[in-house]
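Spelled out, the chains give:
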Amino acid sequence: MHAPAPAQLRYSRAPSWSGLWAWVLVFGVMLVLAPSRARAGDPSCSEPVEQWVRSCAESTGQPMSAISCPAGMLIISAAAGEATELRVEVRRPAGHSMATIDDVGVSPIGEFPRWADAPAPLQAAFAAVVECARAGPVPTLASGAPRPRHAPIVAAPRSTDDASPDRLGEPEVAPAEAPPTPAPWLGLAGLLVMAGVVWRARPPLRTRESYVALGLALTCAALQSILPWSFFLQNGHGPQWVEFALRGHDGLAEYGPGYPELLAAVVRLGAGDPESALAWAYLGLGVVLSVSIYAAARAVGARPVCGFALVVIVALDPTVVRLIRSASYHAPVISLQALAAALLVLAARRTSARAPTFVVAVIGAGLMIAQSARVHPVGWLAAAVLPTVIMFVPGHSRTRVGQTLLATAVIAVVVAATSLSELSRPLNTPIGRGSVDPSQLLWTFGLSLLALGVGVALVLRRPTARARTLLIAGILGVIVVIAVRLNPVAVDAMRYQAGYFACFAPVLGLGLASLAARLVPGRRHQRIAAAVALGVAALASLATASERVRPATDARESTWALEWRARDWGVARVVYIREVDTRAVVLPLHARGSLRGTGLRAADVSAFYLGEPVLYYRSSLCSEAAGREACSDLESRLHIEDPAVLEREFPAIASQPWHPLQADSVRVGLFMARPRQSPDSP
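Residues numbered from 1 in each chain as written. Predicted model: local features only at pLDDT ≥ 70, side-chain atom pairs only at ≥ 80, totals over all residues. Heavy atoms only, no water.

## Points about the side chain of Thr 357
To keep it simple, the criterion reads: A run of DSSP states H or I qualifies as a helix once it reaches four residues; a run of E qualifies as a strand once it reaches two. Both are numbered from the N-terminal end. We call a residue buried when its accessible area falls under 20% of the maximum for its residue type, exposed when it is over 50%, and partly exposed in between, using a 1.4 Å probe and counting protein chains only. Should any heavy atoms of two residues lie within 4.5 Å, those residues are counted as being in contact.
Relative to the helices and strands, Thr 357 is located in helix H12 (residues 356–373). Residue classification places Thr 357 among the buried positions, given a relative accessible area of 17%. Here Thr 357 is in contact with Val 197, Arg 200 and Thr 351, once residues within four sequence places are set aside.

This is the structure we're talking about:
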């Protein structure tokens with residue numbers, strides 16, 4: 001079937017210019033009046049907990065102090081001789097702990113293959129904390145379940161000789177088992193609804209055209225695969241998201257359960273190389289994005305040539321390609337929202353606001369939007385404006401306004417009913433705490449609604465094609481203002497901000513396709529418009545692709561680790577400095593059969609103890625002044641064998657703009673190492 005007849009797109013008498021200027025004035029005022037953005041360690045301990053630690057120090061004669069009190073835990077620093085300290089974790093409930101007193105667990109923090117062989121000062125410091133836990137009740141700890149990040153990691157015996165009687169009471173904590181594989185029930189239900197709506201509403205695609213669109217989507221996926229796969233997210237987050245899908249991650253779980261719901265089954269099928277399985281899945285998401293964009297573009301009135309051009313512009317945009325060729329959470333968010341947009345416009349094109357098919361379609365779109373919102377809050381603003389795509393569909397303005405209002409309300413109810421508790425958790429994450437000033441949020445949305453209200457009133461008063469076109473242009477302008485002024489990652493590098501703006505690609509792309517269909521409805525004119533759009537997009541991509549596509553140095557390090565993590569090195573563990581101040585490097589040592597990793601914070605090096613040969617990874621953090629001291633301190637505790645078994649030089653590309661790298665390149669290396677008896681021993 002074909003797009004709506006051109007008669008619907010003819011212009012009639014325009015609305016009064018005084019009313020139009022009133023709308024433009026409101027739209028301009030919102031740019032001026034919206035207030036500028038205001039942006040904002042470990043939690044401290046309560047006074048009873050501090051007092052308990054002080055009393056423990058006095059009664060045992062062992063110097064100690066409370067460092068922090070995460071949920072369900074108390075971290076204590078106990079002096080263990082002049083040169084070092086021991087950090088001890090006290091948790092409730094006990095879980096896997098070295099010593100258990102009622103419901104309280106006590107464990108040393110560090111690497112202790114055989115606790116019986118640990119230096120006597122460390123054992124004495126730990127025994128003092130255990131004695132205090134047995135002598136009197138441990139005060140109430142901070143509410144919440146304790147996280148496993150401080151749990152001790154004790155190497156398993158390498159032979160039956162290691163399992164000696166003096167070690168039988170020591171725990172052997174294996175890597176955490178993967179939780180049950182979740183399923184994206186909301187997304188699956190939305191797809192089921194979409195299948196029914198597509199069958200009922202009959203999308204405006206001929207059979208041959210559908211095959212051509214699918215072929216174009218597969219071609220775009222093949223072109224996307226040319227870009228080498230790499231971790232991309234800033235500050236070491238890339239490997240952590242793969243780990244989140246593979247076996248859970250307490251910290252990232254605060255962003256929502258959507259990522260493992262969508263991808264856990266995929267990465268666990270390839271647990272020995274989860275990144276490869278993820279790469280194939282993301283190329284599939286790219287195909288879904290392309291097909292959804294094309295079907296939706298045809299539903300808003302674009303001719304096939306404009307639909308094909310929009311697919312190429314979106315699917316081969318450098319940012320979208322990089323997101324698909326990484327482990328970024330943006331790709332599933334954008335693909336799900338593109339599906340939801342296609343479902344909305346397909347249903348709106350064929351039915352009225354009161355039609356059961358439209359209501360069911362809106363519920364399905366709400367399920368997909370809820371599934372995407374559970375992944376990460378980076379796509380929340382794009383999801384909030386997504387129902388406006390209905391206004392881009394040809395038809396009576398009054399009908400489209402009613403459909404848009406109904407869709408917005410129903411989607412809000414569906415998202416709240418299915419995911420309200422999950423979506424409240426990200427408010428405690430960095431992107432939810434202080435990323436956008438509440439007053440700016442209220443001003444921007446308030447003025448946006450006011451501007452749109454004025455525009456809608458003008459269109460309903462004089463429902464002409466020209467007024468509708470101006471309204472669509474105004475909607476796109478308001479969306480851009482919302483996206484720019486409420487940007488929650490505005491302080492990040494351009495490559496990461498581009499990922500946030502890419503979440504608006506479905507709604508903005510469909511709006512532009514609708515404008516093209518209205519302004520140049522003829523076949524020849526749309527071909528010219530498509531060629532111009534492709535040319536402009538190509539020039540913009542060439543000018544900015546390097547900045548948007550290239551990963552930062554820490555992401556390149558993480559990607560390089562995929563090459564050597566599964567080799568047989570004769571040791572079981574890699575030790576490295578993982579975090580200095582707010583900078584981090586994370587190695588993806590979560591695959592089945594790979595090395596295990598021990599990443600240390602700079603502040604933890606003084607309390608670190610190691611009793612077995614390891615690989616030492618000298619990361620990019622060691623090349624900067626802030627991390628050089630921590631790396632030197634750690635290296636003083638190890639016999640490091642030169643030369644490096646592997647070395648690599650990377651371009652110096654800062655992950656965070658406020659932590660620039662001073663050199664032009666950074667050399668990192670992997671070394672065989674064994675522990676010293678003391679930091680000063682030769």
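There's more to say after this.
## Topic: the nonpolar core
Within soluble globular proteins, side chains that are nonpolar tend to cluster in buried spots. Operational definition: What makes a nonpolar core is a set of buried Ala, Val, Leu, Ile, Met, Phe, Trp, Tyr and Cys residues whose side-chain atoms join them at distances within 4.5 Å.
In this structure, Tyr 259, Val 389, Phe 392 and Phe 504 are the most contacted members of the largest nonpolar core, which totals 119 residues. The element that contributes the greatest number of residues to this core is helix H11 (residues 330–350), accounting for 14 residues. Filtering out sequence-adjacent residues up to four positions away, Val 389 remains in contact with Ala 341, Leu 344, Val 345, Val 507 and Leu 510. With 34 residues, the next largest nonpolar core counts Val 53, Leu 74, Ala 78 and Val 130 among its residues.

## What about the packing of helix H17 (residues 494–502) against helix H19 (residues 523–549)?
Put simply, the rule is: Interaxial angle, 0 to 180 degrees, is taken between N-to-C directions of lines fitted to C-alpha atoms, where a helix line uses only the stretch in contact. Angle categories: roughly parallel below 35 degrees, roughly antiparallel above 145, roughly perpendicular from 65 to 115, and oblique for all the rest. Classes in brief: Ala, Val, Leu, Ile, Met, Phe, Trp, Tyr, Cys and Pro nonpolar; Asp, Glu, Lys and Arg charged; the others, Gly included, polar.
At their nearest, the axes of H17 and H19 sit 7 Å apart, and the two run at 105 degrees to each other. On the basis of their axis angle, the class for H17 and H19 is roughly perpendicular. Between H17 and H19, the residues in contact are Met 494, Arg 495 and Ala 498 and Thr 544, Glu 547 and Arg 548, respectively. Split into classes, the residues belonging to the contact of H17 with H19 amount to 2 nonpolar, 1 polar and 3 charged.

## A few points about the confidence of the model for the protein
Put simply, the test is: Summary of the metric used: pLDDT quantifies the predictor's per-residue confidence within the range 0 to 100.
Summing up the model confidence of the protein, the mean pLDDT is 84 and the portion of residues at 70 or higher is 85%. The least confident element of the protein, judged by mean pLDDT, is helix H1 (residues 17–33) at 43; the most confident is helix H10 (residues 318–324) at 97. In this model residues 149–176 is a low-confidence stretch, pLDDT under 50, and it forms 56 contacts with partners more than four residues away in sequence or in other chains.

## What about the sheet that holds strand S1 (residues 64–68)?
Just so we agree on the cut-off: Only strands joined by at least two bridges in the DSSP assignment are considered to pair.
Overall, antiparallel pairing links the 5 strands, which are arranged S1-S2-S3-S5-S4 in an open sheet. Edge positions in the open sheet fall to S1 and strand S4 (99–101), since each of these has one partner strand only. Averaged over all adjacent pairs, the angle separating strand axes in this sheet is 25 degrees, with direction ignored. Relative to strand S5 (residues 104–109), S4 runs antiparallel, the two sharing 3 bridges. Each residue of the ladder has a partner; that of Thr 100, found in S5, is Gly 105.

## Some remarks on the state of the cysteines
Here is the rule we go by: When the sulfur atoms of two cysteines come within 2.5 Å, that pair is taken as a disulfide.
In the structure shown here, the tally under the stated rule is 3 disulfides. Between Cys 45 and Cys 69 runs a disulfide, and the two sulfur atoms are separated by 2.0 Å. Because the torsion about its S-S bond is 100 degrees, the bridge between Cys 45 and Cys 69 counts as right-handed. Placement of Cys 45 in the loop between H1 and helix H2 (47–60) and of Cys 69 in the loop between S1 and strand S2 (73–79) is noted, with a sequence separation of 24 residues between them. Of the residues examined, Cys 45 reaches a relative accessible area of 14% and is grouped as buried. A relative accessible area of 5% means that Cys 69 is categorised as buried.

## Topic: the packing of helix H5 (residues 207–224) against helix H9 (residues 304–315)
Definition in use: Should the near helix be turned anticlockwise from the far one by less than a right angle, the crossing is termed left-handed; should it be turned clockwise, right-handed.
One way to put it is that H5 packs onto H9 with a least axis distance of 10 Å and a crossing angle of 20 degrees. Relative to H9, the element H5 is oriented roughly parallel. Between H5 and H9 the crossing geometry is right-handed. Contacts between H5 and H9 involve Glu 209, Val 212, Ala 213, Leu 216, Cys 220 and Gln 224 from the first element and Pro 304, Phe 308, Val 311, Val 312 and Ala 315 from the second. Residue classes in the contact of H5 with H9 are distributed as 9 nonpolar, 1 polar and 1 charged.

## Details of a nonpolar patch on the surface
To keep it simple, the criterion reads: For patch detection, residues must exceed 30% relative accessible area and be free of salt bridges, and they are connected within 9 Å for like charges or within 5 Å for nonpolar side chains (Val, Leu, Ile, Met, Phe, Trp, Tyr). Note on areas: Shrake-Rupley with a 1.4 Å probe; residue coverage comes only from the protein chains shown. By convention in these notes, a salt bridge is any Lys or Arg side-chain nitrogen within 4 Å of a carboxyl oxygen on Asp or Glu.
Together, Trp 185, Leu 188 and Leu 191 make up a nonpolar patch on the protein surface, roughly 350 Å² of accessible area in all. As for its placement among the helices and strands, Leu 188 is situated in helix H4 (residues 185–201).

## Some remarks on H11
Because an α-helix packs 3.6 residues into every turn, residues spaced three or four apart end up facing the same way. Here is the rule we go by: Each residue after the first adds 1.5 Å to the expected span of a helix.
Between its first and last C-alpha atoms H11 spans 31 Å; for 21 residues at 1.5 Å apiece the expected length is 30 Å, and the two agree. Most of H11 sits out of view: 20 of its 21 residues are buried.

## A word on the pattern of salt bridges
Under the definition given, this model contains 22 salt bridges. The salt bridge involving Glu 547 is made with Arg 495; its shortest N-O contact spans 3.8 Å. Of this pair, Glu 547 sits in helix H19 while Arg 495 sits in helix H17, placing them 52 residues apart in sequence. Accessibility expressed as a relative area gives 2% for Arg 495, which makes it buried. Note that Glu 612 and Arg 573 form a salt bridge whose closest N and O atoms lie 3.6 Å from each other. Placement of the pair is Glu 612 in the loop between strand S8 (596–601) and strand S9 (614–618) and Arg 573 in strand S6 (residues 573–580), with a sequence separation of 39 residues.

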